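The primary structure of each chain is shown beneath.
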Amino acid sequence: MNWELIFGQLQWTSFVFAGAILDPSLSEFIASGAGSIAVLGAVAVVILLTVKRWWVPLWRDWLTSVDHKKVGIMYMVLALVMFARAVIEAALMRAQQLVAYDSAGFLSADHFGQLFSTHGTIMIFFVAMPFITGLMNYVMPLQIGARDVSFPLLNAISLMLTVAGAILIMISLVVGQFSTGGWTAYPPFTGIEFSPGEGVDYWIWAVSLGSIGSTLTGLNFAVTIYKKRCPGMTLFRMPLFCWTTLCTSILMIFAMAPLTAVTVMLALDRYAGFHFFTNGDGGNMMNYANLFWLFGHPEVYILILPAFGVWSEVVATFSAKRIYGYTSLVYATMCIAVLSFAVWLHHFFTMGQSANVNAIFGIATMVIGVPTGVKVYDWLLTMVGGRIRFSTSMLFLINFLLTFILGGLTGVLLANPGVDFQVHNTLFLVAHFHNMIIPGVLFGMFAAVQFWFPKAFGFRLHEGLGRASFWCFAPGFLLAFFPLYWLGMMGATRRTYMWSDPEYLPWLALAMAGAGLILAGFAFMVTQIVVSVRQRDRLACPLGDPWDGRALEWSIPAPAPEWNFAVLPDVTSRDAFYEAKQSGQAYRSPAAYEDIEVPRNTATAPLIGLFACAWAFGLVWHIWWLVAVSFVLMWAVVIVRSFNMNTVEIIPAARVKAQNEAFLAAARAAPGVPREQEMTSDNRGKALPEALTARAGAVPAGRAVEVLS
Amino acid sequence: MSVSERLHPGVNLGATDPESHEAAEEVVFGFWIFLMSDLVLFAVLFATYAAMSVQGIAGGPAPAEVFDLTAAFVETLLLLLSSFAFGFAMLAMKYRENARSVLAWLLATGVLGAAFVGMELHDYYVMITAHGAPPQASGFLSAYYLLTGTHALHVSSGLVWMVIMAVQIAVFGLNTAVKLRLMRLALFWHMLDVVWIGIFTFVYLFGVVS
Amino acid sequence: MKLILGVLGAGIPGIAHARGFLDPAGPIASAQLTHFGVISALMLLVVVPMFIALPIVLLRYRRAGKGTYRPDWEFSWGLETLIWGVPVALIVILGSALWKHTIENDPYRPLGPDPLVVEVVALDWKFLFLYPEQGVATLDLLTLPEGRPVTLKLTSGTVMQSFIVPRLAGQIYAMAGMQTQLNLLADETGEFTGRNTQYNGLGFAQQSFVTRVVSPQDFDSWVASTKAQGQGIDFAGYQALLEPSVIDQPVLYGSVSPGLFDQVIASFAPDMVAGQGHAHMPAPPATAPAALPAAGASPTPHHHTPEAVQ
């Protein structure tokens, strides 16, 4: 009996628990602990689903759904789950660096290498990407007045491929080792000669699955925005979030292909003895660096642009004012998107190319600072002439403006090859990109969750706990990362698991404290969600407009109905819902209702995801029968689906009418809630528009108490 | 816009049904974007080949020694003819709505396409056995096999797609969904032609000249 | 700049014994630190207004603030010109500074006549330094004479690494089969830490070495005493070093087989060093030094620098 035929390279020692038995050390116990958490977590979920009898609803209403809203929510859940893992890994690394002064600390060098690799890979591909994708999924169709994205099934497939990649990375906690090559996986270190074993293969296939999912997402969203806008919604009437979604989608279409190509090349090197990036035989790792960053730099903007969109929505809404410089912001966004393809070389100024090349790419990098700077000041000017309410989302925005501009400063510094020569590969660089991604992207997504959660679920999130999480996250970030700038200038390299310089200690201690605060912020955030679910009746805002919103998504009930808009809106201006409220056109009954066609649920996407995951697992462990079988099954699902011509169902006009008229009647009957009571249980989602009250003089100067701050 | 302006070109979906045409525009536009993304992939592979065919030879065989220009030329003809045949299939679909003649032209396309893939596999076989030039021999050959192999894989999946479409024509007749799928397959097939012309020029002609 | 940071950092741990470029010991690192300061100062032009304006705006336009509520105000040509104009002007200035600094401090630019050439081979997890003129070599010890320009030629015998001695100059990658260059000059004596900054496996954290800058006389006597070492290094000795290891104590080699550096490059890219136009000619075996030009005998061809590939 040839076991290798069945199990490939999988052995019992591949399981993480074997490590703790064979080599009982703290590092191995932590690894086993993490593996146990993953296994027990999965078991707990299974038990919960069984006890609560949630299997059927989970399958029927969620996994098989192709509704963009549900797909979006599932993306966000995935992002939060993966965030929990990656943030704990970050705290572990911080703790290790703190105690590993001239000693080995509690993590082995190998374990530390896996931690920084999974932390980076997860945070980029399975936290940030699902977060922005989920948000764009949920919000963009609502903002352009569409019933769904152009290709709903493709959307679900994108999600399931991403989930498959995430599951693969979670499996690597329990079975085998992960790569130690960092999230960039530079060869030749990640080649088979220097990294034998399954680690790099886990990275390759997890990232490839995510990459293909993102390509399809970009395609889908770009087509949706070009083709599915409601009548009257010209491009320059779209909310800014849609503009940033469009630019991000275009970047995804162009930028993910190089990543797919480069992971395939690395795989061919490792599996089939090709020589793309090997030492010798004509391989050249510099091609890897070029191709990887041809993806990698646009990726940075893929992540940040949707967050810019969020900030634009948040600042206008909570300043109760039009966005300043709309056109300017649109052009700045497009400038950034185009320029993002012209700067990739700044990730390797140190590779020995000529000074002229370095200087040109350095200047190109600085030029991106111009549109970004313009955006930051546009947001500031949006607040001028507004009536600012300090909600949790707004606090995140204020924090963003201050910290992001500092990140911009260090970014311009790093754009200088001369400076980069000194701080490249040090903690200065680590501090810089966390400075852009945490206050920019991550906090942008947190702000977005606070902002759009009521739309998705019909109740607000607990404001006090939201603030508590902000007051942990914001200083936590400063403490955790600003010391790293200084450490980097002192020469502390990144990805280093032990030190011999006592000068680093106080700074590492500060960073550890910051990491603790960030963990506390996350704990508050989870608590906030749990508490809000429990108090959902008190926090309910079924009338759909809790924040005195401006774009179309606030004109419909919360949670949004399956069909989004009972009748597709006809838009005549920017800030369509705001204008409707101003002119008294809001909540009017439409003249007539029509049947609505919605796509049927289908098992296609989850099955493709399942087989993709099995396929990737087979590849990682060289289980060739599994590779072949799951590959065939994956495509069989696609082919079988293509023979199903009955993919839509009709919702009769009568049902739509009944539900929508009930909502409109309730909305018309409800008293508008002034902004003073925004965070009280009086806020059922019908806003008394700030601009109207101001015109009517309903808020005398003496009574304008600052309720919110 | 008048009705005629909203009709999607290149496919006959029934002139009186503007809604189908609007829906058609969406899927076909989406497919164009997919093709664009696919072309980015090929661009990356071309760029890799351009670098490695010069710097990645590493003592192994050079392009001029391993390429058979005659075979590549015949392959080019086969692929171009198959595209030509697909053009006739599309014309038959649009103007005659005759499933039988669509199928006949698809068969011609498929046979020519399969002959192309067969010849390419034969090329590989000759390179590996007669010239000692497997992909593992050098960076140049790795890049060569990846570029042409990716193209061959695309052509092969196009062939599988063609078989499925033939079955769907038989099962469903030429309904709107089938027509639109054929239209996208045609776009895909023509794109592969364009990519192959690039390969023939930059890989084979330039390779033999240098 | 050094002074400002010194004053500023009097109470900050780290500054006193900074091993980084905060305490430069040569003109390149010093120029980098100055440039760092200049760019930071210029950038304050966009940073400071935000820190001043944001609190004012928040105070004035909060709901109880004194600012006039103008919900429909959305544009002003004057402000628009300002927020596009200032960054553009600033980028022109910053870009000029960048260009000047980058060209002047190009790591490939020799810092004077008659540089000391040191060939660096990055290994797991140590550096091999070859002194072709002096005919000596070391492991994890870079001894340099004060005041004399130094040209480091780098390659790797293993994965890509990044070589830096922060107090002297910035970093540059070392890659197998290729050669990169780093020119630097030390204008004070002392012991500085150098290291690899590119993760390359388990021993990465310990991959540092001592850079000892000594007076020219001491350098000569160091060379002489090193030459007296019995142990030498040739290609076989280099191959033994390919086994990954962390070196606790520097190792000295009294002799170096000629052309060893080129042999190391040739072991990955035979046609690069030998300069053969036709790569399909049988490559010389990597262990045959006769096929290679002796270092110093003729200028090494430079077409195998990464520039050729960019």
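All values derive from a computational prediction rather than experimental measurement. (Residues numbered from 1 in each chain as written. Chains lettered and ligands numbered in written order. Predicted model: local features only at pLDDT ≥ 70, side-chain atom pairs only at ≥ 80, totals over all residues. Heavy atoms only, no water.)

> Tell me about the overall build of chain A, residues and numbers included.
Looking only at helices and strands, chain A has 22 helices and two strands in total. For 709 residues, the compact-globule estimate of 2.2 N^0.38 gives 27 Å, and the C-alpha radius of gyration of chain A, at 26 Å, lies within 12% of that figure. When the backbone C-alpha atoms are referred to their principal axes, chain A occupies close to 75 × 60 × 50 Å. A total of 709 residues make up chain A; the buried ones form 66% of that total. Partitioning the contacts of chain A with sequence separation of at least 6, the portion at a separation of at least 24 is 83%. For chain A, the accessible area works out to roughly 22,500 Å², and carbon and sulfur atoms hold 69% of it. For chain A, the centre of its 40 positive side-chain charges and the centre of its 39 negative side-chain charges are spaced 13 Å apart. (Helix = DSSP H or I, 4+ residues; strand = E, 2+ residues; numbered from the N terminus. Rg over C-alpha atoms; globule rule 2.2 N^0.38 Å. Buried < 20%, exposed > 50% of the residue type's maximum accessible area, 1.4 Å probe, protein only. Contact = heavy atoms within 4.5 Å. Areas by Shrake-Rupley, 256 points an atom, 1.4 Å probe, with all protein chains shown as cover. Lys, Arg positive; Asp, Glu negative; His and termini not counted. Charge placed at Lys NZ, Arg CZ, Asp CG, Glu CD.)

> Provide a residue-level description of the environment of Asn-416 of chain A, including the pertinent values.
Along the chain, the position of Asn-416 of chain A falls in the loop between α13 (392–415) and α14 (417–423). Overall, Asn-416 of chain A belongs to the buried group, its relative accessible area being 0%. A C-alpha to C-alpha distance of 8.0 Å links Asn-416 of chain A and Ile-363 of chain A, two positions 53 residues apart in sequence. Leaving out residues up to four positions away in the same chain, Asn-416 of chain A has contacts with Phe-349 and Met-366 of chain A together with His-35, Ile-39 and Leu-98 of chain C.

> How would you explain the nonpolar core if you had to name every residue and give the values?
The biggest cluster of nonpolar side chains holds 316 residues, and the ones touching the most others in it are Trp-379 and Met-383 of chain A together with Tyr-144 and Leu-182 of chain B. Each residue touching Leu-182 of chain B, except ones within four places of it in the same chain, is listed here: Phe-86, Met-90, Met-93, Val-102, Leu-106, Met-165, Ile-169 and Leu-174 of chain B. The next biggest cluster of nonpolar side chains, apart from the first, holds 33 residues, and it includes Ala-122, Leu-144, Leu-182 and Phe-209 of chain C. (Core = buried A, V, L, I, M, F, W, Y, C linked by side-chain atoms within 4.5 Å.)

> An account of the confidence of the model for chain C is requested, with residue identities and associated values reported.
Detailed reading of the predicted coordinates is not advisable wherever pLDDT falls low. All names here are of chain C. On average, chain C scores 84 in pLDDT, and the residues at 70 or more come to 81%. Note that residues 6–16 has pLDDT below 50 and, in this model, twelve contacts with residues that lie over four places away or in other chains. Contacts for the low-pLDDT stretch residues 274–310, under 50 throughout, to residues beyond four places or in other chains number 66 contacts. Under the prediction, the complex receives an ipTM of 0.93, its pTM being 0.93. (pLDDT = per-residue confidence, 0-100.)

> Requested: an account of the interface of chain C and chain A, with residues and values cited.
The accessible area lost on association of the parts is a frequent measure of interface size. Of the residues lining the interface, 88 residues belong to chain C; the matching set on chain A comes to 102 residues. Around 8,400 Å² of area is buried between chain C and chain A when both sides are counted, 70% of it from carbon and sulfur atoms. Taken as a group, Arg-63, Tyr-69 and Tyr-199 of chain C account for 12% of the area that chain C buries against chain A, more than any other trio of residues on that side. The tally of links from chain C across to chain A stands at three salt bridges. The partner of Arg-63 of chain C in a salt bridge is Glu-690 of chain A, and the shortest N-O contact between them spans 2.7 Å. Seen at the junction of chain C and chain A, the total is 31 residue pairs in polar contact (both at pLDDT 80 or more). (Buried area = accessible area lost by both parts, 1.4 Å probe. Salt bridge = Lys/Arg side-chain N within 4 Å of Asp/Glu carboxyl O. Polar contact = N/O pair within 3.5 Å; in protein donor to acceptor, adjacent residues only side chain to side chain.)

> Describe the domain arrangement of chain C, and please don't skip the residues or the numbers.
All names here are of chain C. As far as domains go, chain C holds domain 1 (2–104) and domain 2 (116–272). One C-alpha centre belongs to domain 1, the other to domain 2, and the line joining them spans 39 Å. Counting residues at the interface gives twelve residues for domain 1 and twelve residues for domain 2. Both sides together, the interface formed by domain 1 and domain 2 hides about 860 Å², and carbon and sulfur atoms give 50% of it. Put simply, domain 1 and domain 2 have one salt bridge between them. Counting the contacts that link domain 1 with domain 2 gives five residue pairs in polar contact (both at pLDDT 80 or more). A breakdown of the residues in the side of domain 1 that touches domain 2 according to their chemical character gives seven nonpolar, three polar and two charged. (Domains from an automatic or database assignment. Nonpolar A, V, L, I, M, F, W, Y, C, P; charged D, E, K, R; others polar.)

> Account for the interface of chain A and chain B, with residues named and values stated.
Between chain A and chain B, the contact holds 32 residues from the first and 35 residues from the second. The contact between chain A and chain B buries some 2,700 Å² in all, and 75% of this surface belongs to carbon and sulfur atoms. The three residues of chain A that bury the most area against chain B are Lys-227, Phe-643 and Met-645 of chain A, which together make up 21% of that side's buried surface. Where chain A meets chain B, there are two salt bridges.

> Go over the pattern of salt bridges with me, naming the residues and quoting the values.
Under the defined criterion, the tally for this structure stands at 23 salt bridges over all chains. Close ionic contact of Arg-675 of chain A with Glu-678 of chain A constitutes a salt bridge, the shortest N to O distance being 2.8 Å.

> Go over the side chain of Glu-678 of chain A with me, naming the residues and quoting the values.
Here Glu-678 of chain A shows up in the loop between α21 (653–669) and α22 (690–696). You can call Glu-678 of chain A buried: its relative accessible area is 0%.

> Tell me about the pairing of strand β8 (residues 180–184) of chain C, and name the residues and values.
Residue and element names in this part refer to chain C. The element β8 is largely enclosed, with a buried count of five among its five residues. Alternating residues of β8 divide into Thr-180, Leu-182 and Leu-184 and Gln-181 and Asn-183, and every residue in both groups is buried. Inspection of the sheet shows strand β5 (residues 150–156) paired to β8 by five bridges, in the antiparallel sense. Within the sheet, the bridge partner assigned to Leu-154 lies in β8 and is Thr-180. (Pairing = 2+ DSSP bridges.)

> Residue-level account of the state of the cysteines, with values.
Scanning the model with the defined rule gives zero disulfides over all chains in all. Just so you know, Cys-247 of chain A is unpaired, no disulfide at all, and the nearest cysteine sulfur is the one on Cys-335 of chain A, 9.7 Å from it. (Disulfide = S-S within 2.5 Å.)

> Please provide a residue-by-residue account of helix α19 (residues 604–621) of chain A, values included.
Residues and elements named next belong to chain A. Relative to the 26 Å expected for 18 residues at 1.5 Å per residue, α19 spans 26 Å between its end C-alpha atoms, a close match to the ideal helical length. The buried count for α19 comes to 15 of 18 residues, which makes it a mostly enclosed element. One or two residues past the end of α19 sits His-622, with phi positive at roughly 60°. (Expected span 1.5 Å × (residues − 1).)

> Now, about the sheet that holds strand β7 (residues 169–174) of chain C: what can you tell me, with residues and values included?
Residues and elements named next belong to chain C. Read across the sheet, five strands follow the order β4-β10-β9-β6-β7 without closing on themselves; strand pairing throughout is mixed. Two strands lie at the open edges of the sheet, namely β4 (141–145) and β7, each paired on one side alone. Averaged over all pairs of adjacent strands, the angle between strand axes in this sheet comes to 20°, irrespective of strand direction. Looking at chain direction, strand β6 (residues 161–165) and β7 are connected through four bridges and run antiparallel. Residue pairing in the sheet places Phe-163 in a bridge with Ile-172 of β7. Strand contacts of helix α4 (residues 216–227): β4 and β10 (208–214), with the helix running at about 135° to β4, the strand carrying the most contacts. (Axes fitted to C-alpha atoms, helices over the stretch in contact; angles between N-to-C directions.)

> Summarise the packing of helix α5 (residues 99–130) of chain B against helix α7 (residues 176–209) of chain B; cite the residues concerned and give the values.
The angle between the axes and the distance between the axes are what describe a pair of packed helices. All names here are of chain B. Remark: α5 packs on α7, axes separated minimally by 13 Å, with the N-to-C direction vectors making an angle of 30°. Considering how the two elements wind past one another, α5 and α7 form a crossing that is left-handed. Residue-level inspection shows Val-102, Leu-106, Thr-109, Gly-113, Phe-116 and Glu-120 of α5 in contact with α7, the latter providing Leu-182, Trp-189 and Trp-196. Partitioned by chemical class, the residues of the contact of α5 with α7 number six nonpolar, two polar and one charged. (Left-handed = near helix turned anticlockwise from the far one by under 90°.)

> Before we move on, could you go through the packing of helix α9 (residues 240–272) of chain A against helix α11 (residues 326–339) of chain A and cite the residues and values that matter?
Residue and element names in this part refer to chain A. For the pair α9 and α11, the least separation of the axes is 10 Å and the interaxial angle reads 15°. When the axes of α9 and α11 are compared, the pair comes out roughly parallel. With respect to the hand of their crossing, α9 and α11 are arranged in right-handed fashion. Contacts between α9 and α11 involve Leu-240, Trp-243, Thr-244, Cys-247 and Leu-251 on the former and, on the latter, Tyr-326, Leu-329, Val-330, Thr-333, Met-334 and Ala-337. Residue composition of the contact of α9 with α11, grouped by class: nine nonpolar, two polar and no charged. (Parallel < 35°, antiparallel > 145°, perpendicular 65-115°, else oblique.)

> Can you tell me about helix α4 (residues 69–96) of chain B, naming the residues and giving the values?
Taking 1.5 Å as the rise per residue, α4 of chain B with 28 residues should run 40 Å; its terminal C-alpha atoms sit 40 Å apart, in good agreement. Directly beyond the C-terminal end of α4 of chain B, a positive phi value near 45° is found at Glu-97 of chain B.

> Give me the packing of aromatic side chains: which residues, what numbers.
Inspection of the entire model under this criterion finds 93 aromatic pairs over all chains. Seen in terms of ring centroids, Phe-396 of chain A and Phe-443 of chain A are 5.2 Å apart; in terms of plane orientation they differ by 50°. Their pairing is tilted. Residue Phe-396 of chain A is located in helix α13, and its partner Phe-443 of chain A is located in helix α15 (residues 427–457); the two are separated by 47 residues in the primary sequence. The exposure class assigned to Phe-396 of chain A is buried, which follows from its relative accessible area of 0%. Between Phe-470 of chain A and Trp-471 of chain A, the ring centres sit 4.9 Å apart and the planes meet at 80°, which makes this aromatic pair edge-to-face. Here the guanidinium or amino end of Arg-550 of chain A rests over the ring plane of Tyr-578 of chain A, the centre of that ring lying 4.1 Å away. Between the NZ or CZ atom of Arg-195 of chain C and the centre of the ring of Phe-204 of chain C, over which it lies, the distance is 5.1 Å. (Phe/Tyr/Trp six-rings, centres within 6.5 Å; stacked < 30°, edge-to-face > 60°. Lys NZ or Arg CZ within 6 Å of the ring centre and 35° of its normal.)

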